[in-house]
Amino acid sequence: METNPVENASRTPLTPLTLLGLGAMGTALAEAWLAAGHPLTVWNRTAARAEALAARGATVAATVTEAVAANRLVVVCLLDDASVPAALDGVDLTGKDLVNLVTSTPGQARARAAWAEERGARYLDGGIMAVPPMIGVPAAGAYVFYSGSSELFQEHAGALAVPAGTRYVGADAGFAALHDVALLSGMYGMLAGIAHAFALVRGEAVAPSGLAPLLGDWLTAMSGSVARTAAQLESGDYTRDVVSNLAMQVAGKETLLRTAEEQRVSAELLEPYFRLMERRLEAGGGEEDLTGVVDLLRR
């Protein structure tokens, strides 16, 4: 007798899970899992935050011990790394699959993995590359970096992919946090440049809304340097495919600094990078791309 695979798939029970923490991100995660039909147990230190979720079908645990005991898969979305042991102090984690979505450093994630394993749990660390409104909206492009137990990730891949896309980056529990912070650091560097650009035209007869598309297009065009930098770092040849060498760019920085002075704009967002460029030039890297700055940042 033939069976309908779609119908069979729809009859497969969805993974039940526990979520600890109902801040803005935790609530968004909870709503996504509930919308997808996953049985969900939630706990939050301030119980009132769980009321709306209870109305949508979530089971609200009175204590964190009760919440953890309810399901094998336990997702943590608390304030910070210190909140995890504080909330789980004395709770039996034996046999649990602990997924930690708390924003942390690579070192904190590795220490938390050892902490969880000592308590009998498998551990997966996550770095969320999204803000709460993006969660549960596939078109928004949200995703989460995961690292740690590959077995845990593979077993729960379906449930973890419900709120946002998933990207497993390795067995080293610190790698999710490392990728998270690397991307955020790049973002803040870009935002610093955007702030400086708008500051230059502030007070002139240049509408910010007029500059915005030009700046956005320019930054998009310059994003090709990301792949070029990676290729140069891997090859060790920083003169490969150079478009504008370091010597030329150091010479050109004076125009940027003088313009900032004329416009009465502080150059404090640019000067640290320019100093690194000058150091690399003094070390003989004039024919290189800007990639040598990466090595100067390493201690």
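See the structure above.
Residues numbered from 1 in each chain as written. Predicted model: local features only at pLDDT ≥ 70, side-chain atom pairs only at ≥ 80, totals over all residues. Heavy atoms only, no water.

Okay, the packing of helix α9 (residues 175-201) against helix α10 (residues 208-222) next. In the contact formed by α9 and α10, the axes pass within 11 Å of each other and the chain directions differ by 145°. Viewed along their axes, α9 and α10 form a crossing whose handedness is right-handed. Within the contact between the two elements, α9 uses M190, I194, A197, F198 and V201 and α10 uses P208, L211, A212, L215 and L219. Here the residues of the contact of α9 with α10 are counted per class, giving 10 nonpolar, no polar and no charged. (Axes fitted to C-alpha atoms, helices over the stretch in contact; angles between N-to-C directions. Helix = DSSP H or I, 4+ residues; strand = E, 2+ residues; numbered from the N terminus. Left-handed = near helix turned anticlockwise from the far one by under 90°. Contact = heavy atoms within 4.5 Å. Nonpolar A, V, L, I, M, F, W, Y, C, P; charged D, E, K, R; others polar.)

Alternating positions in strand β4 (residues 73-76) separate into two faces, L73 and V75 on one and V74 and V76 on the other, with burial throughout. Taken together, the 4 bridges between strand β1 (residues 17-20) and β4 define a ladder with parallel strand orientation. Looking across to β4, one finds that T18 is bridged to V74. Relative to strand β5 (residues 97-100), β4 is paired through 4 bridges, and the arrangement is parallel. Across the sheet, V76 pairs through a bridge with N100, a residue of β5. Handedness of the crossover is the feature at issue here: the chain leaves β4, passes through helix α5 (residues 83-88), returns alongside β5, and the resulting connection is right-handed. (Buried < 20%, exposed > 50% of the residue type's maximum accessible area, 1.4 Å probe, protein only. Pairing = 2+ DSSP bridges. Right-handed = clockwise from strand over helix to strand, strands pointing away.)

Summed over all chains, the structure comprises 1 cavity of 30 Å³ or more. In this model, the largest cavity occupies a volume close to 50 Å³. As for the largest cavity, its lining consists of L29, W33, L101, I128, V144, Y146, L160, P163 and A164. Elements with a minimum of two residues in the lining of the largest cavity: α2 (24-35) and β7 (143-148). In terms of residue class, the lining of the largest cavity is made up of 9 nonpolar, no polar and no charged. (1 Å grid on protein atoms, 1.4 Å probe; cavity = no way out; pocket = protein on both sides within 12 Å on 5 of 7 lines; lining within 4 Å. Points joined across faces, edges and corners; volume = space filled by probe spheres on them.)

In total, this model carries 3 aromatic pairs according to the counting rule given. Measuring from centroid to centroid gives 5.2 Å for Y143 and F145, while their planes differ by 85°, and the two rings are edge-to-face. Each member of the pair Y143 and F145 is classed as buried. Note on Y146 and F153: the rings are 5.8 Å apart at their centroids and 45° apart in plane angle, and the pair reads as tilted. Residue Y146 is classed as buried on the basis of its relative accessible area, which comes to 2%. Here F153 falls in the buried class, since its relative accessible area comes to 12%. Pairwise contacts between aromatic rings join Y146, F153 and Y168 into one cluster. Taking the ring centre of W115 as reference, the NZ or CZ of R112 above it sits at 4.9 Å. (Phe/Tyr/Trp six-rings, centres within 6.5 Å; stacked < 30°, edge-to-face > 60°. Lys NZ or Arg CZ within 6 Å of the ring centre and 35° of its normal.)

Taken together, the side chains of L184, M187, Y188, M190, L191, W218, L219 and M222 present a nonpolar region at the surface, about 740 Å² in accessible area. Elements with a contribution of two residues or more to the nonpolar patch: α9 and α10. Structurally, the position occupied by L219 is in helix α10. Looking at L219, the relative accessible area reads 31%, which means it is partly exposed. (Patch = residues over 30% accessible without salt bridge, like charges linked within 9 Å, V, L, I, M, F, W, Y side chains within 5 Å. Areas by Shrake-Rupley, 256 points an atom, 1.4 Å probe, with all protein chains shown as cover. Salt bridge = Lys/Arg side-chain N within 4 Å of Asp/Glu carboxyl O.)

Once that is clear, we can look at the pattern of salt bridges. With the rule as written, the count across this model stands at 14 salt bridges. A salt bridge links E262 to R258; its shortest N-O distance comes to 3.5 Å. One end of the pair, E262, and the other, R258, are both in helix α12 (residues 246-262), 4 residues apart, so they sit about a helical turn from each other. What makes E262 exposed here is its relative accessible area of 54%. Overall, R258 belongs to the exposed group, its relative accessible area being 58%. Salt bridges sharing common partners tie together R72, D97, R122 and E155.

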